[in-house]
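This is what each chain is made of:
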Amino acid sequence: MEYAERLSVPLRWWAQGAMLLVSLFLVLAVVDALSGAAIGGIVLGAGVLLAGALVQFGSARIEVVDGELRAGRAHIPLALLGEATALDPEAARRAAGVEADARAYLLLRPYLKRAVKVQIDDPADPTPYWLLATRHPQRLAHVLSSVSEPTGGQ
């Protein structure tokens, strides 16, 4: 069983970015010292930077493929995974806050309130668990549980 999810930013962030660019245009339009081309160039440049930042921030992926769990830039063999637990928004907030372990690997996004906590069963790895923000915590936890049971990863 495989799983793939891209943690792209929500549509409302793009809408808010567009509103920011319109506001920038309106602010610059009242400045008499700037020509239309200069205003257009500034707004266009800001738009390119904003779009790049949103695409980059939303480019993180979570995948279960080829015997590995990949989350962002990190990856780990499925055989080294322990229990995977789907967390509701409140449990995810606590796990990322007051109950957090500084050694844990975190892939969190502020626009994703639910998460999966995956225990790491590797004595050579000081990381106790991975905490992964996701839109589908039940499905990801199910996939991780189903692939780790046959290999005896617990």
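Preceding this section is the structure that the text describes.
Draft legend 1. Quick peek at the overall build of the protein chain. A count of helices and strands for the protein chain gives four helices and eight strands. Written out in order from the N terminus, the α and β elements of the protein chain read β-α-α-β-β-β-β-α-β-β-β-α. Against the globule reference of 15 Å for 154 residues, the protein chain gives a C-alpha radius of gyration of 21 Å, more extended than a compact globule. By its C-alpha atoms, the protein chain is 70 × 35 × 25 Å across when sized along the principal axes. Split into buried and exposed, the 154 residues of the protein chain put 36% on the buried side. Sequence separation of 24 or more characterises 70% of the internal contacts of the protein chain that already satisfy a separation of 6 or more. On the protein chain, roughly 8,800 Å² of surface is accessible, and the fraction owed to carbon and sulfur atoms is 61%. Between the centroid of the 14 positive side chains of the protein chain and the centroid of its 15 negative side chains there is a distance of 7 Å.

Draft legend 2. Highlighting the layout of surface pockets. By volume, the largest pocket is sized at about 170 Å³. Forming the walls of the largest pocket are 13 residues, and the residues nearest its centre are Ala 92, Arg 93, Arg 109, Leu 112 and Lys 113. Listing elements by their share of the lining of the largest pocket, those giving two or more residues are α3 (89–96) and β8 (129–133). Sorting elements by how many residues they give to the lining of the largest pocket places α3 first, with four residues. A per-class count over the lining of the largest pocket returns nine nonpolar, no polar and four charged.

Draft legend 3. Representation of the environment of Leu 132 in the model. Mapped onto the elements, Leu 132 comes out in strand β8. Residues Leu 132 and Val 116, 16 residues apart in the sequence, show an inter-C-alpha distance of 5.3 Å. Not counting chain neighbours up to four residues away, the residues in contact with Leu 132 comprise Ile 62, Leu 69, Ala 71, Tyr 105, Leu 107, Arg 114, Ala 115, Val 116 and Leu 140.

The rules behind each value
- Residues numbered from 1 in each chain as written.
- Predicted model: local features only at pLDDT ≥ 70, side-chain atom pairs only at ≥ 80, totals over all residues.
- Heavy atoms only, no water.
- Helix = DSSP H or I, 4+ residues; strand = E, 2+ residues; numbered from the N terminus.
- Rg over C-alpha atoms; globule rule 2.2 N^0.38 Å.
- Buried < 20%, exposed > 50% of the residue type's maximum accessible area, 1.4 Å probe, protein only.
- Contact = heavy atoms within 4.5 Å.
- Areas by Shrake-Rupley, 256 points an atom, 1.4 Å probe, with all protein chains shown as cover.
- Lys, Arg positive; Asp, Glu negative; His and termini not counted.
- Charge placed at Lys NZ, Arg CZ, Asp CG, Glu CD.
- 1 Å grid on protein atoms, 1.4 Å probe; cavity = no way out; pocket = protein on both sides within 12 Å on 5 of 7 lines; lining within 4 Å.
- Points joined across faces, edges and corners; volume = space filled by probe spheres on them.
- Nonpolar A, V, L, I, M, F, W, Y, C, P; charged D, E, K, R; others polar.

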